[in-house]
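Remarks on the overall topology
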Amino acid sequence: MTRNVGIVGGGHTKWGVREASYKDLIQEAGKATFEDVPDVSPDDIEGLFVGSVQPERFAFQTHVAPMVAELLGVDVDSMIARTELACASGQAALRYAWLAIAAGQIDTALVLGVEKMNLPREYAAEAQTSMADVMDREFDGVNGFNAPPYFAMIAQRHMHEYDTTREQLALVAAKNKTHAASNAFAQFQQEVSVDDVVDSFELSPPLCLYDCSGVTDGAAGLILMSEEKAREVTDEAAWITGSGQACFASNSINNLPSMSAWPQATTAAEQAYDQAGIDDPVAELDVAEVHDCFSISEIVEYEDLGWVEKGEGGKFIEEGRSELDGDIAVNPRGGLLGCGHPLGATGVSQALEVFNQFRGTVEPDRQVPDPETGLIHNLSGSASVHSVMTLSRGRL
């Protein structure tokens, strides 16, 4: 049994270095989510799916899904789970909620992504060291491979093979951070130029500080409903039209199929496009939120999501094709580079952004002109897993 499933509302906390606990962030996002859909209450929720990567390290708490239910007053009588897939945990929670409703198991679900990553100084070393855990700690982590050096290697190899330039990387960061300057929820709210990016502190060559996403506290929530239920509470929804995911038997860096390409992203995108009936993504997608944890990531994703030929990603940004008025408006909320990256919340926030773009409720400076179709993308770990979801604007 397959049914149409739509996002009917959602809410957000402010992202950044917050004087707020893990529980505070959950309650803020939950309150904002229910306020956005006043005809849905905690009593209506049948399934709860929580995306959270490392609460054991950052919040010193496990078994967090029942805690979320308790904090939000949700009595779950069908499905409850926490999802963990590193940086794609939020999209994983969203995907499982969609599947549960599409299969007819439930009609209404709450998806919440949350991460508290900034801790008191006495715990900071432990918390930051734990970031190496998303790769193979025994083989990669002990050799210094956490995220910045790994993505620096991707950048170096891509520049070597395809003549991608330092300025093209900086264009990605400047675009996204400038979008975030108009986003009330973003961690970094300052316009940035290409020169600002290139001149920022060199972190892991060729990547500088502004090429890297932040360490972020934040949460976001979504309410999903079957089409029948959605029609009872709203006049519009963001319909989930396709979803894809791929992992090619790799986790440690030495087993990845490439250091300049992510064929897993291509497979995941093709799955989603096929389900959504998308034949030409550049012509048919209006807005996309992709996983720009580092500036090189977005360039590789232009290519491996099937928008340009391999090696043409740098030209895609250079020619303005990912600007708000370009072929596909990419990361209008500011992406991970501008908004920050509270791991488990990122995928949820991306979907909420596409929904808000559809209904025209984002700040005017970053509103995409009349979008009808959208995409969200997350990579996780050493980019060993890629997750893609497509959405369509619906008027009920």
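Residues numbered from 1 in each chain as written. Predicted model: local features only at pLDDT ≥ 70, side-chain atom pairs only at ≥ 80, totals over all residues. Heavy atoms only, no water.

1. Overview of the overall build of the protein
A count of helices and strands for the protein gives 15 helices and 12 strands. Along the first, second and third principal axes, the C-alpha atoms of the protein reach 55 × 50 × 40 Å. Considering the protein as a whole, with its 396 residues, one finds that 59% of them fall into the buried category. The long-range share in the protein, meaning contacts at least 24 apart out of those at least 6 apart in sequence, stands at 77%. In the structure as shown, the protein presents an accessible area of about 14,800 Å², 47% of it carried by carbon and sulfur atoms. The averaged location of the 61 negative side-chain charges in the protein is 3 Å from the averaged location of its 25 positive side-chain charges. (Helix = DSSP H or I, 4+ residues; strand = E, 2+ residues; numbered from the N terminus. Buried < 20%, exposed > 50% of the residue type's maximum accessible area, 1.4 Å probe, protein only. Contact = heavy atoms within 4.5 Å. Areas by Shrake-Rupley, 256 points an atom, 1.4 Å probe, with all protein chains shown as cover. Lys, Arg positive; Asp, Glu negative; His and termini not counted. Charge placed at Lys NZ, Arg CZ, Asp CG, Glu CD.)

2. Digging into the UniProt feature "domain: Thiolase C-terminal" (unreviewed entry) in the protein
UniProt tags residues 251–393 as "domain: Thiolase C-terminal" (unreviewed entry). The distance from the first to the last C-alpha atom of residues 251–393 is 35 Å, and the span holds 37% helix and 15% strand. (UniProt positions renumbered as here; feature names shortened; annotations may be inferred.)

3. Structural notes on the pairing of strand β7 (residues 218–226)
Most of β7 sits inside the fold, with nine of its nine residues counted as buried. Bridge count between strand β1 (residues 5–12) and β7: seven bridges; the pairing is antiparallel. Its bridge partner being in β7, Val5 is matched across the sheet by Ser226. Where strand β4 (residues 108–115) meets β7, eight bridges bridge the pair, whose relative direction is antiparallel. The partner of Val111 across the bridge, within β7, is Leu222. (Pairing = 2+ DSSP bridges.)

4. What to know about the packing of helix α6 (residues 147–162) against helix α12 (residues 295–304)
Relative orientation and spacing of two packed helices are given, respectively, by the angle between their axes and the distance between those axes. Viewed as axis vectors pointing N to C, α6 and α12 meet at an angle of 55°, and their least axial separation amounts to 9 Å. Classed by the angle they form, the pair α6 and α12 counts as oblique. The crossing of α6 and α12 is left-handed. Taken together, the residues of α12 that come into contact with α6 (itself represented by Phe151, Ile154, Ala155 and His158) are Ile296, Ser297, Ile299, Val300 and Glu303. Grouping the amino acids of the contact of α6 with α12 by side-chain chemistry returns six nonpolar, two polar and one charged. (Axes fitted to C-alpha atoms, helices over the stretch in contact; angles between N-to-C directions. Parallel < 35°, antiparallel > 145°, perpendicular 65-115°, else oblique. Left-handed = near helix turned anticlockwise from the far one by under 90°. Nonpolar A, V, L, I, M, F, W, Y, C, P; charged D, E, K, R; others polar.)

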